[in-house]
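Okay, here's what each chain looks like letter by letter:
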Amino acid sequence: MTVITSVWLWVVAIPVIAGLIVHGRRKRGWTRPRSIFVGVFSFYLIVVAAVTLFPIPVEHVLRPQFGAVPYSDWFELRPFTISFQPSIMRIQTLPNVALGIPFGFGAWFVLNNPSMGKVVALGVAGAAGIEIVQHLISLVFVGFPYRVSDISDLIFNSIGVVIGVVIYSLFAWIWRAMDTGTSNNGLIGHIRTTVSWR
């Protein structure tokens, strides 16, 4: 079966991210540490897109096989319908939670004026965007449900984001309690500035 792999995503995304970082440093005054955090966080976002959207089948020979699938089966709006079966837990539920954790933790180091509400809202919006894009690819490009858009995935991604925020909050509390430094230079300085924000 002919598929579009995530290689194309990397080919397009890496120059875009490099351009974003150059623009941020020249026009927005990003420091080198912040640029590094933006690069690492962008790498994470590409991995999420690669895992959740690819490979995309383009071999239309499969359309007759899946053409009889009712449109109502292209998405699942009933939460937790199959999420807690042992096999599903291993391959879908727990990985969806894990995908959201780095967002809830890492977004603090790249956003302007981060807050708990902003990080959670952006994480949930991103998770919803993935499900919408999956459905649009199935509907417009592939012609059959190559991925079923599942509200449970959105819920578990969001839970992961919240867990990441909790981990960050604990990290920030420990850092503030133990940190005695005064310099705000370098990566340590960027972390110090971020955890002191709230």
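Residues numbered from 1 in each chain as written. Predicted model: local features only at pLDDT ≥ 70, side-chain atom pairs only at ≥ 80, totals over all residues. Heavy atoms only, no water.

**A closer look at the overall build of the protein**
Phase 1 of the analysis: Assigned secondary structure in the protein consists of seven helices and four strands.
Phase 2 of the analysis: Secondary structure elements of the protein occur, N-terminal to C-terminal, as β-α-α-β-α-β-α-α-β-α-α.
Phase 3 of the analysis: Expressed as a percentage of its 198 residues, the buried residues of the protein come to 37%.
Phase 4 of the analysis: A separation threshold of at least 6 residues defines the contact pool for the protein, and within that pool the share at least 24 residues apart is 75%. (Helix = DSSP H or I, 4+ residues; strand = E, 2+ residues; numbered from the N terminus. Buried < 20%, exposed > 50% of the residue type's maximum accessible area, 1.4 Å probe, protein only. Contact = heavy atoms within 4.5 Å.)

**Re the packing of aromatic side chains**
Phase 1 of the analysis: Following the criterion strictly, the structure yields ten aromatic pairs and no others.
Phase 2 of the analysis: With 6.0 Å between their ring centres and 70° between their planes, F105 and Y168 make a pair best called edge-to-face. Here F105, found in helix α4 (residues 86-106), pairs with Y168, found in helix α6 (residues 151-178); they are 63 residues apart in sequence, far enough to count as distant.
Phase 3 of the analysis: Its relative accessible area of 0% is what places Y168 among the buried residues.
Phase 4 of the analysis: For the ring pair W108 and Y168, a centre distance of 4.3 Å and an interplane angle of 10° mean the geometry is stacked. Placement of the pair is W108 in the loop between α4 and α5 (116-142) and Y168 in helix α6, with a sequence separation of 60 residues. The same class applies to W108 and to Y168, which are both buried.
Phase 5 of the analysis: Site record: aromatic cluster; members linked through ring pairs are F37, F105, W108, F109, Y168, F171 and W175. (Phe/Tyr/Trp six-rings, centres within 6.5 Å; stacked < 30°, edge-to-face > 60°.)

**With respect to the nonpolar core**
Nonpolar side chains in soluble globular proteins tend to end up buried together.
Phase 1 of the analysis: If you look at the biggest cluster of nonpolar residues, it comprises 33 residues, and the most contacted ones within it are F103 and Y146.
Phase 2 of the analysis: For this core, the elements supplying multiple residues, two or more each, are α1 (7-27), α2 (32-53), α4, α5, α6 and α7 (186-195).
Phase 3 of the analysis: In terms of residue count, the dominant contributor to this core is α2 (eight residues).
Phase 4 of the analysis: Ignoring sequence-local partners within four residues, the contact set of Y146 consists of L53, P55, I56, P57, Q134, I137 and S138. (Core = buried A, V, L, I, M, F, W, Y, C linked by side-chain atoms within 4.5 Å.)

**Topic: α6**
Phase 1 of the analysis: Spanning 28 residues, α6 covers 41 Å between terminal C-alpha atoms, matching the ideal 40 Å at 1.5 Å per step.
Phase 2 of the analysis: Capping of α6 at its N-terminal end is provided by D150; its side-chain oxygen lies 2.9 Å from the backbone amide nitrogen of S152. (Expected span 1.5 Å × (residues − 1). Polar contact = N/O pair within 3.5 Å; in protein donor to acceptor, adjacent residues only side chain to side chain.)

**Quick word on the pattern of salt bridges**
Phase 1 of the analysis: Enumeration according to the criterion identifies two salt bridges in this entry.
Phase 2 of the analysis: R78 is paired through a salt bridge with E76; the nearest N and O atoms lie 2.8 Å apart.
Phase 3 of the analysis: According to the relative accessible area criterion, E76 is buried, its value standing at 16%.
Phase 4 of the analysis: With a closest N to O distance of 2.5 Å, D179 and R192 form a salt bridge. You can see D179 sitting in the loop between α6 and α7 and its partner R192 sitting in helix α7, a full 13 residues away along the chain. (Salt bridge = Lys/Arg side-chain N within 4 Å of Asp/Glu carboxyl O.)

**Some words on the confidence of the model for the protein**
Phase 1 of the analysis: Looking at the protein as a whole, the pLDDT averages 88, with 89% of positions reaching at least 70.
Phase 2 of the analysis: Mean pLDDT across the secondary structure elements of the protein bottoms out at helix α3 (residues 63-66), with 57, and peaks at α2, with 96. (pLDDT = per-residue confidence, 0-100.)

**Describing the environment of A98**
Phase 1 of the analysis: One can find A98 in helix α4.
Phase 2 of the analysis: It is 5.9 Å that separates the C-alpha atoms of A98 and G160, two residues lying 62 residues apart in sequence.

**Re unusual backbone geometry**
Phase 1 of the analysis: Cis geometry marks the peptide bond from F54 to P55; its omega dihedral reads 0°.
Phase 2 of the analysis: Take P55: it is sitting in the loop between α2 and β2 (56-57).

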